[in-house]
Amino acid sequence: MCKTKMAVDAAQPIPSPSTRSRSSITPKGSSSGHPKSLSSATSTQPPKSPVPHTGPSNSSDRISYNSNSGSEYRLDTSVATTSVSSQASLSSFRLSLPDNPQVYDFADIRAATNNFLAKRYSSTSSSQSWRCTLHGKDVIIFQRRIQKSMEKSELRAKLSVICRSHYRSIIKLLGASISGDHIYLVYEFVAGSNLSLCLRNPRNPSYTILSTWMSRMQIATDIAHGLDYIHNTTGLDINPVHKYVKSSGIIVTEPSFNAKICHFGAAELCSVTESKAVTSGGEISEEPLADSTPEWRSSKTREVEGVRGYMSPEFQLTGVATQKSDVYAFGVVLLELFSGEEPVRYKYDKATGNYRKISVIETAREAVECGGDVEDDGGVGVERRLRKWVDGRLRDSFPVEVAQKVMRLVLDCVHVEPDDRPDMRRVAGKISKLYLESKYWSDRVKMPTEISVSLAPR
């Protein structure tokens, strides 16, 4: 009898370490899910012997749960627990975000910029800026003028509202400092170059890193969703505006070539939307509006780099930035993106001997809307005019149908009447749809990369 029992015990499979770990979490008395042959074999063992599990070799693939009724439920962690882990990671990410924005001492700003004697970071910005290290972080400091004095408590209250926003297409505002009539805005440093230099590099005008249609659609999508977040998703009590939408204020990151919007929160902190005046030359004046005579009628002007050409007609008349004026500036940036040209340029006319103003809005409208679908202008149709208008460095490789839809949407954004312009939520949705259509076109016409051709002698 002893020999028979020893033979039976020797025939039993010895559980592996992974099997033991699975057996330890399997409730007693649960035998569902096991093969019939295995259950009959294990019935000859003593009751205290562990029941080997025949599931997958990876113990993390399935988890057994035993209810009070004795039934067993198996949960596929690859599907069912994904949302739980995502919620946990999202919660931990939210907890890692800084709650209190920094109100820096002016002495720290002076020390980081070497008493403002350090080399300016960008020569294309309308305000002075320095790249430096502040409190151990690589940052960019912008100096802007404020119209009225602001207490430290008021600045902290505004920052607590603005710095609550976090989005991948917006460069994060870390804090600020005030000294006299200037405010110093501290942003995180993002490696890359501004969109204006990516499109028009003075050292090599014939080259651009944005040499494909998909790269420019990616930039357009990032900017659209970033402005949509600022207008509709920040959760602020006011209707936030950006006011400084321009190609030199958009950073193209490396190496992914995504777009990030600069100067978020500057309009609210500087209080410029209520006191800026627009001069007769279409430039913004730093002088406050007078009580009797409109200041924008005077001849005193101050040029603001990158603003001319992006201001909507009502912004030029009133000097007040709105969400509709941001939509207008966004439309100008997209026209600049797809044409490669500046918003406004001047060309010498030999016949009259004067310089002729050329607007990218007017040239786009002529290319898309002139004549509709009927071929005119000497047999040149919409498709030919559009191919001629789009940046030649794309080498005529883009979906014409999608390009027409993009241009018609952009022309709606630069409509003269602000009420006829769409809001950014609608624009972002349409841009995303056109991006997917462009992606389908790109995948369909993509050249095979698995083959190579060599013309060298063998």
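Please read these numbers as outputs of a predicted model, since none were measured by experiment.

## Quick word on the overall build of the protein
Inference 1: A tally of helices and strands in the protein yields 15 helices and 14 strands.
Inference 2: The buried share of the protein, reckoned over its 458 residues, is 41%.
Inference 3: Within the protein, residue pairs in contact and separated by at least 24 positions form 62% of the contacts whose partners lie at least 6 positions apart.
Inference 4: Of the roughly 26300 Å² of accessible surface on the protein, 52% is carried by carbon and sulfur atoms.

## Observations concerning the confidence of the model for the protein
Inference 1: When pLDDT is averaged along the protein, the result is 75; 64% of the residues meet or exceed 70.
Inference 2: Low pLDDT (under 50) marks residues 272-306, which in the prediction has 66 contacts with non-local residues, meaning those over four places away or in another chain.

## Notes on the pairing of strand 13 (residues 344-349)
Inference 1: In the sheet, strand 13 pairs with strand 14 (residues 354-359) via 6 bridges, with the strands oriented antiparallel. The residue bridging Asp349 from the neighbouring strand is Asn354, located in strand 14.
Inference 2: The loop that links strand 13 with its antiparallel partner strand 14 comprises 4 residues; one of these, Gly353, has a positive phi angle of about 80 degrees.

## Details of the packing of helix 8 (residues 213-232) against helix 15 (residues 424-445)
Inference 1: At a closest axis distance of 9 Å, the pairing of helix 8 and helix 15 adopts a crossing angle of 160 degrees. Judged on the interaxial angle alone, helix 15 and helix 8 are roughly antiparallel. For the crossing formed where helix 8 meets helix 15, the hand is left-handed. On helix 15, the residues that touch Trp213, Met214, Met217, Gln218, Ala220, Thr221, Ala224, His225, Leu227, Asp228, His231 and Asn232 of helix 8 are Met424, Arg425, Ala428, Ile431, Ser432, Leu434, Tyr435, Ser438, Lys439 and Ser442.

## Here we look at the sheet that holds strand 4 (residues 129-134)
Inference 1: The 5 strands are arranged 3-6-7-5-4 in an open sheet whose pairing can be described as mixed. In this open sheet, the two strands that pair with only one neighbour each are strand 3 (102-103) and strand 4.
Inference 2: Pairing of strand 3 with strand 6 (residues 173-179) involves 2 bridges; the strand directions are parallel. Bridge assignment links Val103 to a residue of strand 6, and that residue is Ala176.
Inference 3: Contacts from helix 6 (residues 152-162) reach strand 3, strand 6 and strand 7 (182-188), with the element oriented near 160 degrees to strand 6.

## A few points about the nonpolar core
The tendency in soluble globular proteins is for nonpolar side chains to be buried side by side.
Inference 1: One finds Leu195, Ile223, Phe330, Phe338 and Trp389 to be the most contacted residues of the largest nonpolar core, which totals 78 residues.
Inference 2: If one sorts the elements of this core by residue count, helix 11 (residues 323-339) sits on top with 10 residues.
Inference 3: When residues of this core are assigned to domains, at least three fall in each of domain 1 (99-189) and domain 2 (194-274 + 307-446).
Inference 4: Aside from chain neighbours lying at most four places away, what touches Phe338 is Trp213, Arg216, Met217, Ala220, Trp389, Val390, Asp391 and Val406.
Inference 5: Ranked by size, the runner-up nonpolar core spans 11 residues in total, among them Ile109, Ala112, Ile141 and Val186.

## Observations concerning the sheet that holds strand 8 (residues 192-194)
Inference 1: If you trace the 3 strands from one edge of the open sheet to the other, you get 8-9-10, paired in antiparallel fashion. Every interior strand has two partners, whereas the edge strands, strand 8 and strand 10 (259-261), have only one. Strand-to-strand twist across the sheet, computed as the mean angle between neighbouring axes with direction ignored, equals 30 degrees.
Inference 2: The pairing of strand 9 (residues 250-253) with strand 10 spans 3 bridges and is classified as antiparallel. Paired with Ile251 across the two strands is Lys260, which belongs to strand 10.
Inference 3: Along the sheet, helix 8 contacts strand 9 and strand 10; its crossing angle with strand 10, the most-contacted strand, is approximately 30 degrees.

## Comments concerning the packing of helix 8 against helix 11
Inference 1: It is the contact of helix 8 with helix 11, at a shortest axis distance of 11 Å, that shows an interaxial angle of 170 degrees. Here helix 8 is positioned roughly antiparallel relative to helix 11, judged by the angle of their axes. Across the interface between the two elements, Trp213, Arg216, Met217, Ile219, Ala220, Ile223, Ala224, Leu227 and His231 from helix 8 touch Gln323, Asp326, Phe330, Val333, Leu334, Leu337 and Phe338 from helix 11.
Inference 2: When the residues that make up the contact of helix 8 with helix 11 are grouped by side-chain class, the tally is 12 nonpolar, 2 polar and 2 charged.

## Considerations on helix 12 (residues 360-369)
Inference 1: Listed in full, the buried residues belonging to helix 12 are Val360, Ile361, Ala364, Ala367 and Val368. The arc that holds the buried residues of helix 12, viewed along the axis, is 130 degrees, so those residues lie on one side.
Inference 2: Residues of helix 12 that are buried sit in contact with helix 11, strand 14, helix 13 (382-389) and helix 14 (400-413).

## Here we look at the pattern of salt bridges
Inference 1: Applying the stated criterion to the full structure yields 15 salt bridges.
Inference 2: The closest approach of N and O atoms between Arg393 and Asp391, which form a salt bridge, is 2.9 Å.
Inference 3: For Asp443, the salt bridge goes to Lys439, with nearest N and O atoms at 3.1 Å. In this pair, Asp443 and Lys439 are both assigned in helix 15, 4 residues apart and thus about one turn of the helix distant.
Inference 4: A relative accessible area of 41% places Asp443 in the partly exposed class.
Inference 5: Through salt bridges with shared partners, a single network forms among Arg216, Asp391 and Arg393.

Parameters at a glance
Note that residues are indexed from 1 along each chain, following the sequence as it is written. Note on the predicted model: pLDDT of at least 70 is required for a residue's local features to be given, and 80 or more for side-chain atom pairs to be given and counted; whole-chain, interface and lining totals, by contrast, use all residues. Note: side-chain values were computed over all heavy atoms of the structure, leaving out hydrogens and water. For helices the rule is a DSSP run of H or I covering at least 4 residues; for strands it is a run of E covering at least 2, with both sets numbered from the N terminus onward. For the exposure calls, accessible area comes from a 1.4 Å probe over protein chains only, and a residue counts as buried if that area is under 20% of its type's maximum, exposed if over 50%, partly exposed in between. In this description, contact between two residues means that some pair of their heavy atoms is separated by no more than 4.5 Å. Accessible surface is estimated by sampling points in the Shrake-Rupley manner with a 1.4 Å probe; for residues, cover comes only from the protein chains shown. Each residue carries a pLDDT score, the predictor's own confidence in it, on a scale running from 0 to 100. Each pair of strands is called paired provided DSSP finds at least two bridges between the two strands. Working convention: axes come from line fits to C-alpha atoms, limited for helices to the stretch in contact. Angles between N-to-C directions cover 0 to 180 degrees. Comment on the angle field: the value is read as roughly parallel under 35 degrees, roughly antiparallel over 145, roughly perpendicular from 65 to 115, and oblique elsewhere. It is the rotation of the near helix from the far one that decides the hand of a crossing: anticlockwise by less than a right angle makes it left-handed, clockwise makes it right-handed. Think of a nonpolar core as a cluster: buried Ala, Val, Leu, Ile, Met, Phe, Trp, Tyr and Cys residues, connected wherever their side-chain atoms sit within 4.5 Å. Boundaries between domains were set according to an automatic or database domain assignment. In this count, Pro and Cys sit with the nonpolar residues alongside Ala, Val, Leu, Ile, Met, Phe, Trp and Tyr, while Asp, Glu, Lys and Arg are called charged and the others, Gly among them, polar. The reported arc concerns the directions from the helix axis to the C-beta atoms and nothing else. Salt bridges are identified by distance alone: a Lys or Arg side-chain nitrogen within 4 Å of an Asp or Glu carboxyl oxygen.

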